[in-house]
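# Structure assessment
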Amino acid sequence: EGVKRIAVLPGDGIGPEITREAVRVLELIAEVRGHRFDLVYGKIGGIAVDEEGTPLPDETVRLCRESDAVLLGAVGGPKWDKGPTHLRPETGLLGIRKAIGLYANLRPITVFPSLIHASTLKPDVLAGVDILILRELTGGLYFGQPRGRRQTADGVEVVDTLQYSEHEIRRILRLGFELARARRKRLVSVDKANVLESSRLWREIAEEVARDYPDVELVHMLVDNAAMQLVRNPRQFDVLVTENMFGDILSDEAAMITGSIGMLPSASLGSEGPGLYEPIHGSAPDIAGQNVANPLATILSVALMLRHSLGMEDEARAVEAAVRAVLDAGHRTRDLAGPGEPALTTAEMGDKVRAALRACLS
Ligand code: NAD
Ligand code: IPM
Ligand code: MN
(Lines give C-alpha, C1' and ligand atoms only; values in the text may rest on other atoms or scores of the structure.)
(Ligands and ions follow the chains in the order given, each with its own letter.)
Protein backbone atom coordinates (compact mmCIF):
# COMPACT_ATOMS: atom_id res chain seq x y z
CA GLU A 1 0.00 0.00 0.00
CA GLY A 2 1.30 3.45 -0.96
CA VAL A 3 2.09 6.46 1.11
CA LYS A 4 -0.77 8.93 1.54
CA ARG A 5 0.30 12.53 1.44
CA ILE A 6 -1.66 14.86 3.68
CA ALA A 7 -1.28 18.64 3.55
CA VAL A 8 -1.66 20.18 7.00
CA LEU A 9 -2.61 23.87 7.18
CA PRO A 10 -2.99 24.87 10.86
CA GLY A 11 -3.72 28.56 10.18
CA ASP A 12 -4.48 31.09 12.91
CA GLY A 13 -5.92 31.45 16.41
CA ILE A 14 -6.85 28.07 17.86
CA GLY A 15 -6.01 26.48 14.48
CA PRO A 16 -2.57 25.19 15.53
CA GLU A 17 -3.83 23.83 18.89
CA ILE A 18 -6.71 21.82 17.45
CA THR A 19 -4.79 20.69 14.37
CA ARG A 20 -2.04 19.27 16.59
CA GLU A 21 -4.50 16.94 18.31
CA ALA A 22 -5.97 15.82 14.98
CA VAL A 23 -2.52 15.13 13.53
CA ARG A 24 -1.70 12.97 16.54
CA VAL A 25 -4.83 10.95 15.79
CA LEU A 26 -3.55 10.34 12.26
CA GLU A 27 -0.13 9.38 13.61
CA LEU A 28 -1.67 6.87 16.00
CA ILE A 29 -3.70 5.29 13.19
CA ALA A 30 -0.55 5.01 11.08
CA GLU A 31 1.31 3.38 13.95
CA VAL A 32 -1.37 0.86 14.90
CA ARG A 33 -2.58 -0.01 11.41
CA GLY A 34 0.75 0.21 9.59
CA HIS A 35 -0.33 2.96 7.20
CA ARG A 36 2.12 5.54 5.93
CA PHE A 37 1.00 9.16 6.07
CA ASP A 38 3.36 11.80 4.76
CA LEU A 39 2.28 14.96 6.63
CA VAL A 40 3.46 18.15 4.94
CA TYR A 41 2.81 21.52 6.57
CA GLY A 42 1.75 24.65 4.69
CA LYS A 43 0.79 28.21 5.46
CA ILE A 44 -2.61 29.80 4.98
CA GLY A 45 -4.46 32.81 6.41
CA GLY A 46 -3.03 35.45 8.69
CA ILE A 47 0.21 33.63 9.38
CA ALA A 48 0.82 33.43 5.63
CA VAL A 49 0.09 37.17 5.31
CA ASP A 50 2.65 37.88 8.03
CA GLU A 51 5.35 35.55 6.73
CA GLU A 52 4.76 35.45 2.97
CA GLY A 53 2.80 38.62 2.24
CA THR A 54 -0.26 36.73 0.96
CA PRO A 55 -2.99 34.65 2.65
CA LEU A 56 -2.56 31.90 0.05
CA PRO A 57 1.02 31.38 -1.16
CA ASP A 58 1.42 29.53 -4.49
CA GLU A 59 3.42 26.94 -2.63
CA THR A 60 0.41 26.12 -0.46
CA VAL A 61 -1.81 25.66 -3.50
CA ARG A 62 0.81 23.39 -5.08
CA LEU A 63 1.16 21.40 -1.86
CA CYS A 64 -2.61 20.86 -1.66
CA ARG A 65 -2.86 19.85 -5.33
CA GLU A 66 -0.11 17.27 -4.85
CA SER A 67 -1.74 15.77 -1.75
CA ASP A 68 -4.36 13.08 -1.24
CA ALA A 69 -6.15 15.22 1.33
CA VAL A 70 -5.89 18.53 3.17
CA LEU A 71 -6.40 19.08 6.90
CA LEU A 72 -7.12 22.70 7.85
CA GLY A 73 -7.45 24.32 11.27
CA ALA A 74 -8.95 27.79 10.95
CA VAL A 75 -7.99 31.24 9.66
CA GLY A 76 -8.59 34.81 10.68
CA GLY A 77 -8.31 37.18 13.60
CA PRO A 78 -8.64 40.81 14.64
CA LYS A 79 -5.03 41.49 13.67
CA TRP A 80 -5.89 41.15 9.97
CA ASP A 81 -9.46 42.50 9.98
CA LYS A 82 -8.61 46.02 8.80
CA GLY A 83 -6.61 45.00 5.75
CA PRO A 84 -7.69 45.10 2.10
CA THR A 85 -9.59 42.08 0.73
CA HIS A 86 -6.55 40.51 -0.91
CA LEU A 87 -4.68 40.53 2.41
CA ARG A 88 -7.48 39.02 4.50
CA PRO A 89 -6.99 35.52 5.93
CA GLU A 90 -10.49 34.53 4.76
CA THR A 91 -9.48 35.32 1.18
CA GLY A 92 -6.89 32.55 1.49
CA LEU A 93 -9.51 30.04 2.59
CA LEU A 94 -11.92 31.00 -0.19
CA GLY A 95 -8.96 30.88 -2.59
CA ILE A 96 -7.93 27.33 -1.75
CA ARG A 97 -11.55 26.11 -1.98
CA LYS A 98 -11.84 27.65 -5.43
CA ALA A 99 -8.35 26.61 -6.58
CA ILE A 100 -8.99 22.93 -5.98
CA GLY A 101 -12.64 23.02 -7.04
CA LEU A 102 -14.24 22.12 -3.71
CA TYR A 103 -17.83 22.88 -4.62
CA ALA A 104 -19.47 20.53 -2.09
CA ASN A 105 -19.22 21.08 1.64
CA LEU A 106 -20.62 18.28 3.79
CA ARG A 107 -21.47 19.24 7.36
CA PRO A 108 -22.93 16.29 9.27
CA ILE A 109 -24.84 17.12 12.43
CA THR A 110 -25.10 14.08 14.64
CA VAL A 111 -26.18 14.14 18.23
CA PHE A 112 -23.99 12.19 20.62
CA PRO A 113 -26.48 10.84 23.19
CA SER A 114 -24.27 11.79 26.14
CA LEU A 115 -24.21 15.43 24.95
CA ILE A 116 -27.97 15.80 24.85
CA HIS A 117 -27.85 17.87 28.03
CA ALA A 118 -24.93 20.00 26.80
CA SER A 119 -27.15 21.72 24.24
CA THR A 120 -29.22 24.80 24.97
CA LEU A 121 -32.12 23.00 23.28
CA LYS A 122 -34.44 20.57 25.06
CA PRO A 123 -33.38 16.89 25.14
CA ASP A 124 -36.62 15.58 23.60
CA VAL A 125 -36.10 17.88 20.60
CA LEU A 126 -32.59 16.52 20.06
CA ALA A 127 -32.87 12.76 20.52
CA GLY A 128 -32.05 10.93 17.31
CA VAL A 129 -31.17 13.99 15.22
CA ASP A 130 -29.01 13.10 12.21
CA ILE A 131 -28.76 15.82 9.57
CA LEU A 132 -26.40 16.28 6.67
CA ILE A 133 -26.09 19.88 5.56
CA LEU A 134 -24.77 20.08 2.03
CA ARG A 135 -23.49 23.58 1.38
CA GLU A 136 -22.54 24.82 -2.09
CA LEU A 137 -19.03 26.17 -1.55
CA THR A 138 -17.56 27.87 -4.62
CA GLY A 139 -20.39 30.05 -5.92
CA GLY A 140 -23.04 32.52 -4.86
CA LEU A 141 -22.42 35.72 -2.93
CA TYR A 142 -18.90 34.69 -1.96
CA PHE A 143 -17.59 34.70 -5.51
CA GLY A 144 -20.04 36.64 -7.71
CA GLN A 145 -18.81 39.56 -9.83
CA PRO A 146 -18.93 42.51 -9.73
CA ARG A 147 -18.11 43.25 -6.16
CA GLY A 148 -16.48 46.16 -4.44
CA ARG A 149 -16.81 49.63 -3.11
CA ARG A 150 -16.86 52.99 -4.85
CA GLN A 151 -17.28 56.61 -3.98
CA THR A 152 -20.27 58.39 -5.51
CA ALA A 153 -21.53 61.95 -5.15
CA ASP A 154 -23.95 60.66 -2.51
CA GLY A 155 -21.35 58.73 -0.52
CA VAL A 156 -19.91 55.24 -0.60
CA GLU A 157 -21.71 52.56 -2.58
CA VAL A 158 -20.98 48.84 -2.24
CA VAL A 159 -21.92 45.79 -4.25
CA ASP A 160 -21.84 42.01 -3.76
CA THR A 161 -23.28 39.72 -6.41
CA LEU A 162 -25.19 36.50 -5.86
CA GLN A 163 -24.26 34.64 -9.01
CA TYR A 164 -24.81 31.02 -10.02
CA SER A 165 -24.59 29.14 -13.28
CA GLU A 166 -27.00 26.37 -14.13
CA HIS A 167 -24.09 23.92 -14.03
CA GLU A 168 -23.08 24.94 -10.50
CA ILE A 169 -26.62 24.54 -9.21
CA ARG A 170 -27.22 21.22 -10.93
CA ARG A 171 -24.07 19.49 -9.67
CA ILE A 172 -24.68 20.35 -6.00
CA LEU A 173 -28.35 19.37 -6.20
CA ARG A 174 -27.47 16.11 -7.91
CA LEU A 175 -25.05 15.33 -5.10
CA GLY A 176 -27.80 16.20 -2.62
CA PHE A 177 -30.09 13.62 -4.20
CA GLU A 178 -27.31 11.01 -4.27
CA LEU A 179 -26.54 11.56 -0.59
CA ALA A 180 -30.23 11.48 0.35
CA ARG A 181 -30.68 8.26 -1.60
CA ALA A 182 -27.98 6.64 0.54
CA ARG A 183 -29.65 7.87 3.74
CA ARG A 184 -33.32 8.38 4.67
CA LYS A 185 -34.33 9.59 1.19
CA ARG A 186 -35.59 13.02 2.16
CA LEU A 187 -34.00 16.10 0.62
CA VAL A 188 -34.87 19.58 1.86
CA SER A 189 -33.72 22.21 -0.62
CA VAL A 190 -33.40 25.56 1.09
CA ASP A 191 -33.72 28.79 -0.89
CA LYS A 192 -35.31 32.25 -0.97
CA ALA A 193 -37.34 31.73 -4.13
CA ASN A 194 -39.94 34.27 -3.04
CA VAL A 195 -37.35 37.01 -3.50
CA LEU A 196 -34.20 35.89 -5.31
CA GLU A 197 -33.82 35.11 -9.01
CA SER A 198 -30.97 32.72 -8.21
CA SER A 199 -33.28 30.79 -5.88
CA ARG A 200 -35.98 30.54 -8.53
CA LEU A 201 -33.52 28.88 -10.94
CA TRP A 202 -32.33 26.71 -8.04
CA ARG A 203 -35.92 25.51 -7.49
CA GLU A 204 -36.50 24.82 -11.20
CA ILE A 205 -33.35 22.74 -11.42
CA ALA A 206 -34.22 20.90 -8.20
CA GLU A 207 -37.57 19.87 -9.75
CA GLU A 208 -35.81 18.77 -12.92
CA VAL A 209 -33.13 16.71 -11.15
CA ALA A 210 -35.81 15.19 -8.88
CA ARG A 211 -37.23 13.32 -11.88
CA ASP A 212 -34.08 11.17 -11.86
CA TYR A 213 -34.62 10.35 -8.17
CA PRO A 214 -38.25 9.24 -7.80
CA ASP A 215 -37.27 7.37 -4.62
CA VAL A 216 -36.16 10.61 -2.90
CA GLU A 217 -38.73 12.99 -1.45
CA LEU A 218 -37.92 16.60 -2.36
CA VAL A 219 -39.16 19.41 -0.13
CA HIS A 220 -38.54 23.10 -0.86
CA MET A 221 -38.17 25.33 2.16
CA LEU A 222 -37.57 29.07 2.37
CA VAL A 223 -34.41 29.87 4.28
CA ASP A 224 -36.03 31.98 7.00
CA ASN A 225 -38.47 29.18 7.76
CA ALA A 226 -35.61 26.63 7.64
CA ALA A 227 -33.73 28.59 10.31
CA MET A 228 -36.80 28.32 12.53
CA GLN A 229 -37.55 24.65 11.72
CA LEU A 230 -33.97 23.64 12.60
CA VAL A 231 -34.54 24.53 16.22
CA ARG A 232 -38.27 23.77 16.34
CA ASN A 233 -38.02 20.19 15.11
CA PRO A 234 -34.58 19.23 13.75
CA ARG A 235 -35.59 15.56 13.35
CA GLN A 236 -37.60 16.44 10.23
CA PHE A 237 -34.33 16.96 8.31
CA ASP A 238 -32.28 14.28 6.59
CA VAL A 239 -30.20 15.99 3.88
CA LEU A 240 -30.46 19.79 3.65
CA VAL A 241 -28.95 21.27 0.49
CA THR A 242 -28.46 24.99 0.01
CA GLU A 243 -26.39 27.77 -1.52
CA ASN A 244 -23.11 29.00 -0.07
CA MET A 245 -24.12 31.76 2.35
CA PHE A 246 -27.36 30.16 3.56
CA GLY A 247 -25.36 26.99 4.30
CA ASP A 248 -22.74 28.94 6.22
CA ILE A 249 -25.32 30.50 8.51
CA LEU A 250 -27.60 27.50 8.95
CA SER A 251 -24.72 25.20 9.86
CA ASP A 252 -23.49 27.41 12.71
CA GLU A 253 -27.08 27.46 13.96
CA ALA A 254 -27.35 23.68 13.62
CA ALA A 255 -24.09 23.25 15.52
CA MET A 256 -25.93 24.04 18.74
CA ILE A 257 -27.98 20.88 18.21
CA THR A 258 -24.79 18.95 18.97
CA GLY A 259 -24.05 21.02 22.07
CA SER A 260 -21.18 23.17 20.77
CA ILE A 261 -19.75 24.63 17.60
CA GLY A 262 -16.59 22.83 18.69
CA MET A 263 -18.23 19.52 17.66
CA LEU A 264 -18.98 20.04 13.97
CA PRO A 265 -16.61 18.64 11.32
CA SER A 266 -16.76 19.20 7.58
CA ALA A 267 -15.58 17.70 4.33
CA SER A 268 -15.15 19.82 1.21
CA LEU A 269 -15.10 17.81 -1.99
CA GLY A 270 -14.73 18.46 -5.71
CA SER A 271 -15.20 16.24 -8.73
CA GLU A 272 -11.47 15.44 -8.73
CA GLY A 273 -8.41 16.24 -6.65
CA PRO A 274 -7.99 16.15 -2.89
CA GLY A 275 -10.72 16.73 -0.33
CA LEU A 276 -10.26 19.37 2.35
CA TYR A 277 -11.24 18.68 5.95
CA GLU A 278 -11.83 21.33 8.58
CA PRO A 279 -14.02 22.10 11.57
CA ILE A 280 -16.89 24.46 10.72
CA HIS A 281 -15.89 26.90 13.47
CA GLY A 282 -13.38 29.69 13.13
CA SER A 283 -10.10 30.66 14.74
CA ALA A 284 -11.84 31.64 18.04
CA PRO A 285 -9.52 34.57 18.84
CA ASP A 286 -11.21 34.95 22.25
CA ILE A 287 -9.72 31.64 23.46
CA ALA A 288 -6.66 31.25 21.20
CA GLY A 289 -3.47 30.08 22.88
CA GLN A 290 -5.23 29.08 26.10
CA ASN A 291 -5.36 25.31 25.52
CA VAL A 292 -9.12 25.28 26.17
CA ALA A 293 -10.55 24.88 22.65
CA ASN A 294 -12.52 21.76 21.81
CA PRO A 295 -10.46 19.68 19.33
CA LEU A 296 -13.28 17.21 18.57
CA ALA A 297 -14.60 18.98 15.45
CA THR A 298 -11.13 18.73 13.93
CA ILE A 299 -10.65 15.14 15.08
CA LEU A 300 -14.04 14.24 13.59
CA SER A 301 -12.90 15.97 10.39
CA VAL A 302 -10.04 13.46 10.32
CA ALA A 303 -12.69 10.71 10.42
CA LEU A 304 -14.32 12.29 7.35
CA MET A 305 -10.90 12.41 5.65
CA LEU A 306 -10.30 8.73 6.35
CA ARG A 307 -13.74 7.94 4.91
CA HIS A 308 -13.94 10.21 1.86
CA SER A 309 -10.32 10.65 0.73
CA LEU A 310 -8.25 7.79 2.13
CA GLY A 311 -10.62 4.84 1.68
CA MET A 312 -10.28 3.85 5.34
CA GLU A 313 -13.87 3.43 6.50
CA ASP A 314 -12.93 1.14 9.35
CA GLU A 315 -10.48 3.68 10.75
CA ALA A 316 -13.05 6.46 10.26
CA ARG A 317 -15.54 4.54 12.36
CA ALA A 318 -12.90 3.86 14.99
CA VAL A 319 -12.26 7.60 15.37
CA GLU A 320 -15.99 8.29 15.69
CA ALA A 321 -16.36 5.47 18.21
CA ALA A 322 -13.42 6.81 20.21
CA VAL A 323 -15.01 10.28 20.39
CA ARG A 324 -18.29 8.74 21.48
CA ALA A 325 -16.56 6.67 24.17
CA VAL A 326 -14.74 9.70 25.56
CA LEU A 327 -17.98 11.70 25.74
CA ASP A 328 -19.84 8.74 27.26
CA ALA A 329 -17.14 8.62 29.94
CA GLY A 330 -18.08 12.20 30.82
CA HIS A 331 -15.02 14.01 29.50
CA ARG A 332 -15.74 17.59 28.44
CA THR A 333 -13.85 20.61 27.24
CA ARG A 334 -14.99 23.95 28.61
CA ASP A 335 -17.51 24.64 25.84
CA LEU A 336 -19.36 21.41 26.70
CA ALA A 337 -19.02 21.40 30.49
CA GLY A 338 -21.83 22.76 32.61
CA PRO A 339 -21.20 25.77 34.84
CA GLY A 340 -18.83 24.80 37.66
CA GLU A 341 -18.17 21.39 36.08
CA PRO A 342 -14.54 20.37 35.61
CA ALA A 343 -13.20 20.72 32.06
CA LEU A 344 -10.32 19.15 30.17
CA THR A 345 -7.78 21.16 28.23
CA THR A 346 -7.44 20.80 24.46
CA ALA A 347 -4.41 18.54 24.87
CA GLU A 348 -6.05 16.42 27.58
CA MET A 349 -9.10 15.86 25.39
CA GLY A 350 -6.79 14.79 22.55
CA ASP A 351 -5.04 12.33 24.92
CA LYS A 352 -8.39 10.84 25.99
CA VAL A 353 -9.49 10.36 22.38
CA ARG A 354 -6.22 8.64 21.45
CA ALA A 355 -6.40 6.31 24.44
CA ALA A 356 -9.93 5.33 23.41
CA LEU A 357 -8.88 5.07 19.76
CA ARG A 358 -6.11 2.60 20.57
CA ALA A 359 -8.78 0.34 22.05
CA CYS A 360 -11.16 0.88 19.11
CA LEU A 361 -8.44 0.05 16.55
CA SER A 362 -7.41 -3.25 18.08
P1 NAD B 1 -15.58 31.38 15.72
O2 NAD B 1 -16.20 30.12 15.23
O3 NAD B 1 -14.11 31.50 15.61
O4 NAD B 1 -15.97 31.59 17.26
C5 NAD B 1 -17.33 31.76 17.69
C6 NAD B 1 -17.44 31.41 19.18
O7 NAD B 1 -17.32 29.99 19.30
C8 NAD B 1 -16.34 32.01 20.02
O9 NAD B 1 -16.84 32.34 21.28
C10 NAD B 1 -15.33 30.88 20.15
O11 NAD B 1 -14.56 30.91 21.33
C12 NAD B 1 -16.23 29.65 20.14
N13 NAD B 1 -15.53 28.50 19.55
C14 NAD B 1 -15.23 28.31 18.24
N15 NAD B 1 -14.57 27.16 18.09
C16 NAD B 1 -14.44 26.61 19.30
C17 NAD B 1 -13.86 25.40 19.78
N18 NAD B 1 -13.24 24.52 18.96
N19 NAD B 1 -13.90 25.15 21.11
C20 NAD B 1 -14.52 26.01 21.94
N21 NAD B 1 -15.10 27.15 21.55
C22 NAD B 1 -15.06 27.45 20.24
O23 NAD B 1 -16.32 32.57 14.95
P24 NAD B 1 -16.03 34.15 15.00
O25 NAD B 1 -15.62 34.57 16.36
O26 NAD B 1 -17.19 34.77 14.37
O27 NAD B 1 -14.79 34.35 14.01
C28 NAD B 1 -13.44 34.46 14.45
C29 NAD B 1 -12.52 34.45 13.25
O30 NAD B 1 -12.55 33.17 12.62
C31 NAD B 1 -12.89 35.46 12.17
O32 NAD B 1 -11.70 36.02 11.69
C33 NAD B 1 -13.55 34.62 11.10
O34 NAD B 1 -13.41 35.14 9.81
C35 NAD B 1 -12.79 33.34 11.23
N36 NAD B 1 -13.50 32.14 10.78
C37 NAD B 1 -12.75 31.20 10.12
C38 NAD B 1 -13.32 30.01 9.75
C39 NAD B 1 -12.47 29.00 9.07
O40 NAD B 1 -11.26 29.11 9.08
N41 NAD B 1 -13.04 27.99 8.45
C42 NAD B 1 -14.67 29.74 10.06
C43 NAD B 1 -15.40 30.72 10.74
C44 NAD B 1 -14.81 31.92 11.11
C1 IPM C 1 -16.70 28.74 7.28
C2 IPM C 1 -16.25 30.17 7.49
C3 IPM C 1 -15.80 30.78 6.18
C4 IPM C 1 -17.01 30.81 5.26
C5 IPM C 1 -15.17 32.18 6.26
C6 IPM C 1 -14.05 32.23 7.25
C7 IPM C 1 -14.70 32.63 4.91
O8 IPM C 1 -17.24 30.92 8.11
O9 IPM C 1 -15.90 27.93 6.82
O10 IPM C 1 -17.85 28.42 7.59
O11 IPM C 1 -17.85 31.70 5.37
O12 IPM C 1 -17.13 29.91 4.43
MN1 MN D 1 -18.93 29.75 8.79
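Residues numbered from 1 in each chain as written. Chains lettered and ligands numbered in written order. Predicted model: local features only at pLDDT ≥ 70, side-chain atom pairs only at ≥ 80, totals over all residues.

As annotated in an unreviewed UniProt entry, the chain carries the name 3-isopropylmalate dehydrogenase and is attributed to Alicyclobacillus cellulosilyticus. The heading Catalytic activity (unreviewed entry) in the UniProt record of the chain holds the text "(2R,3S)-3-isopropylmalate + NAD(+) = 4-methyl-2-oxopentanoate + CO2 + NADH". Turning to the chain, the UniProt record has this under Sequence similarities (unreviewed entry): "Belongs to the isocitrate and isopropylmalate dehydrogenases family. LeuB type 1 subfamily." (UniProt positions renumbered as here; feature names shortened; annotations may be inferred.)

## Side note on the site of ligand 2
Taken together, G76, E90, L93, L94, D248, I280 and G282 make up the full set of residues near ligand 2. The dominant element in the shell around ligand 2, judged by the number of residues it contributes, is helix α4 (residues 89-99), at 3 residues. Along the lines of polarity and charge, the residues of the shell around ligand 2 split into 3 nonpolar, 2 polar and 2 charged. (Near = placed C-beta within 6 Å. Helix = DSSP H or I, 4+ residues; strand = E, 2+ residues; numbered from the N terminus. Nonpolar A, V, L, I, M, F, W, Y, C, P; charged D, E, K, R; others polar.)

## Observations concerning helix α6 (residues 166-181)
The terminal C-alpha atoms of α6 lie 22 Å apart, and with 16 residues this matches the ideal 22 Å at 1.5 Å per residue to within 8%. Within the sequence span of α6, burial applies to E168, I169, I172, L173, L175, G176, F177 and A180. Of the surrounding secondary structure, the elements contacted by the buried residues of α6 are β4 (104-110), β5 (130-136), β8 (186-191), α7 (197-210) and β10 (239-242). (Expected span 1.5 Å × (residues − 1). Buried ≥ 20, exposed ≤ 12 C-beta atoms within 10 Å, placed from the backbone. Contact = placed C-beta atoms within 7 Å.)

## Regarding the UniProt feature "binding site: Mg(2+)" (unreviewed entry) in the chain
If you check UniProt for "binding site: Mg(2+)" (unreviewed entry), the listed places come out as D224, D248 and D252 in our numbering. Among the secondary structure elements, D248 is positioned in helix α9 (residues 244-258). Overall, the presence of 15 C-beta atoms within 10 Å leaves D252 in the partly exposed class. Not counting residues up to four positions away in its chain, the partners in contact with D252 are I261 and I280.

## What about the domain arrangement of the chain?
For the chain, the assigned domains read domain 1 (1-103 + 265-362) and domain 2 (119-258). Here the C-alpha centroids of domain 1 and domain 2 sit 24 Å apart. The leading source of residues in the side of domain 1 that touches domain 2 is α4, at 3 residues. The class makeup of the residues in the side of domain 1 that touches domain 2 is 4 nonpolar, 2 polar and 2 charged. (Domains from an automatic or database assignment.)

## A few points about the packing of helix α8 (residues 223-232) against α9
At a closest axis distance of 10 Å, the pairing of α8 and α9 adopts a crossing angle of 15 degrees. On the basis of the axis angle, α8 is roughly parallel to α9. In this structure, the crossing between α8 and α9 has a hand that is right-handed. Here α8 contributes V223, A226, A227 and L230 to the contact with α9, which in turn contributes F246, L250, E253 and A254. Across the contact of α8 with α9, the residue classes tally to 7 nonpolar, no polar and 1 charged. (Axes fitted to C-alpha atoms, helices over the stretch in contact; angles between N-to-C directions. Parallel < 35°, antiparallel > 145°, perpendicular 65-115°, else oblique. Left-handed = near helix turned anticlockwise from the far one by under 90°.)

## Examining the environment of V75
As for its position among the elements, V75 is in the loop between β3 (69-74) and α4. Take V75: there are 31 C-beta atoms within 10 Å of it, and that puts it in the buried class. Remark: the alpha-carbon pair of V75 and I14, spanning 61 residues in sequence, is separated by 8.9 Å. Sequence-distant contacts of V75, that is, excluding residues within four places in its chain, are made with G11, D12, G15, I44, G45, G46, P89, E90, G92, L93 and S283.

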